[in-house]
Amino acid sequence: MNKKMQKAALPLVLFCVLQGLLPAASGGTAVYVTNSGRRYHRETCSSLVRSKTAISLSDAVRSGYRPCFLCSPPHLDAGFPQQAAAAELYRVNKAGRNGAALASWHDADLTRMLEAEVIRHVDGDTVGVRIKNPPGGIKAVETIRMIGVDTPETVHPRREVEHFGREASDWTKQALLHKQVFLAFDWELRDKYNRLLAYIYLPDGTLHNADLVRGGYGHAYTRFPFQFMEEFRSLEKDACEQKRGLWGD
Ligand SMILES: [Zn+2]
C-alpha cells in the first residue's frame, strides 16, 4: 500500500474500530432469552432452566422481548443527554474498563462524579442538591431520588411503618443535609416526576443508598433494574436476618 492509499484508508479503519465499539456503548449488554418465552433475563434467572440463548439487550428490545419481572434485567438507556454532555455523567453501568459495568459499588471512582451539596431534605430516599458545574441536561438545583432503595412513607395509616419512615427520614437528614456528596448514575437518568435517579456517595466512599438498605431503613427497590441489585438484595437479606430497623420485632 502506498502512502496515498494509507492516508485514504485511515478514516475507514477508524470507522470500523468505532463501529466495533458502538455496541458495547449502546445496548451491547448481553441478556438471555428462552426458546418459547417473550421475556428477557439476567444470566442467573431461574426462568432459564430449560433453554438459554444470549442476545444483546438492544436486539432483545428490538425483537419485542420485555424485561422479566423476576430477575429485573437492565433496560435500554433512557433520558441521558447525547454526546459530550453524556460523557460528563459517571454511570456505574459503563464506568468500568472498556465501558463495562462496575462489578460492585465499592469500585466506583468519586473523582469522576458530579460534585454536589445537599441543600434540602425531603425524606429517607429523596433530597435536593446544588450541583457544582452541572453539564448540559442537568440543572444546578435538582431533586434526587436514590436508586435501588425505597424507604417507608412518612405519612402512612399504619403506625409502625410511620415510625420507621421517620427514622429513615431523620437518618438521611443527619447523614446528608449540608454535606458534600458525589453523584453517580445508572440506566435511567430521571423518573416520571423528573427527579434525577442517582447514587449518593459521601467523600469517604460510603454509598448512602446501600447504607439505608444495610441499616434496615428501607427495602432494596428492585422493581426497576439497577447495576447493584444483587448487592442490595444481599444487604437487605442481612438486615432482615439481623432484625435491623424495619425488620425488627
Ligand atoms: Zn428473569
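Data block above holds the structure.
For the structure given in this document, a descriptive report is provided here.

**Side note on the pattern of salt bridges**
Taken as a whole and judged by the stated rule, the model has 12 salt bridges. The shortest N-O distance in the salt bridge between R190 and E142 comes to 2.9 Å. Taken together, the positions of R190 in the loop between β9 (180-184) and β10 (196-201) and E142 in strand β7 (residues 141-146) put the pair 48 residues apart, joining distant regions of the chain. The class for R190 is buried, based on a relative accessible area of 18%. Given a relative accessible area of 3%, E142 falls into the buried group. Counted as one network, the salt bridges with shared partners bring together D125, R145 and D150.

**Quick look at the coordination of the zinc ion**
Taken together, the protein donors to the zinc ion comprise H41 (ND1), C45 (SG), C68 (SG) and C71 (SG), at separations of 2.2 to 2.3 Å. Here the zinc ion is ringed by four donor atoms whose angles at the metal span 96 to 124 degrees, and the overall shape comes out tetrahedral. Written as a sequence motif, the donor residues of the zinc ion are H-x3-C-x22-C-x2-C. With C45 in the loop between β2 (39-40) and β3 (53-56) and C71 in the loop between β4 (66-67) and α3 (83-87), this pair connects stretches of sequence that are 26 residues apart. Pair check on accessibility: C45 and C71 agree, each one buried.

**Considerations on the packing of aromatic side chains**
Evaluation of the coordinates by the stated rule reveals three aromatic pairs. Taken together, a centroid distance of 4.6 Å and an interplanar angle of 10 degrees make the contact between W171 and Y217 stacked. Of this pair, W171 sits in helix α4 (residues 159-176) while Y217 is found in the loop between α5 (208-214) and β11 (219-220), placing the two residues 46 residues apart along the sequence. Pairing Y199 with F228 gives two aromatic rings, centres 5.2 Å apart and planes at 50 degrees, and the pair type is tilted. Here Y199 is found in strand β10, whereas its partner F228 is found in the loop between β11 and α6 (229-241), with 29 residues between them in sequence. Its guanidinium or amino end placed over the ring of Y65, R38 lies 4.6 Å from that ring's centre, counting from NZ or CZ. Directly above the aromatic system of Y32 lies the positively charged group of K52, at a separation of 5.4 Å from the ring centroid.

**Thoughts on the sheet that holds β7**
Strand pairing in a sheet takes place through backbone hydrogen bonds and is either antiparallel or parallel in direction. Pairing in this closed barrel of five strands is mixed, and the strands run β5-β6-β7-β10-β9 around the ring. Between one strand axis and the next, the sheet turns by 55 degrees as a mean value, whatever way the strands run.

**Structural notes on unusual backbone geometry**
Backbone geometry at S72 places phi at a positive 45 degrees, although glycine is not the residue there. Within the secondary structure layout, S72 lies in the loop between β4 and α3. On the basis of relative accessible area, S72 is assigned to the buried category, the value being 4%.

**Let's talk about the environment of R233**
Mapped onto the elements of the fold, R233 is located in helix α6. Assessed through its relative accessible area of 28%, R233 is described here as partly exposed. Here the alpha-carbon distance between R233 and A210, two residues 23 residues apart in the chain, equals 9.9 Å.

**What to know about α6**
Its 13 residues place the ends of α6 18 Å apart at the C-alpha level, agreeing with the 18 Å of an ideal helix rising 1.5 Å per residue. M229, F232, L235, E236 and A239 are the residues of α6 that are buried. Along the axis of α6, the buried residues cluster in a sector spanning 120 degrees; they form a single face. Those residues of α6 that are exposed and aimed more than 90 degrees away from the buried face are K237 and E241. Tucked inside the fold, the buried residues of α6 contact β10, α5 and β11.

Definitions and cut-offs
- Residues numbered from 1 in each chain as written.
- Predicted model: local features only at pLDDT ≥ 70, side-chain atom pairs only at ≥ 80, totals over all residues.
- Heavy atoms only, no water.
- Salt bridge = Lys/Arg side-chain N within 4 Å of Asp/Glu carboxyl O.
- Helix = DSSP H or I, 4+ residues; strand = E, 2+ residues; numbered from the N terminus.
- Buried < 20%, exposed > 50% of the residue type's maximum accessible area, 1.4 Å probe, protein only.
- Donors = N, O, S within 2.8 Å, 3.2 Å for Na, K, Ca; no water.
- Tetrahedral: all angles 85-135°; square planar, octahedral: opposite > 155°, others 65-115°.
- Phe/Tyr/Trp six-rings, centres within 6.5 Å; stacked < 30°, edge-to-face > 60°.
- Lys NZ or Arg CZ within 6 Å of the ring centre and 35° of its normal.
- Pairing = 2+ DSSP bridges.
- Axes fitted to C-alpha atoms, helices over the stretch in contact; angles between N-to-C directions.
- Expected span 1.5 Å × (residues − 1).
- Arc of directions from axis to C-beta.
- Contact = heavy atoms within 4.5 Å.

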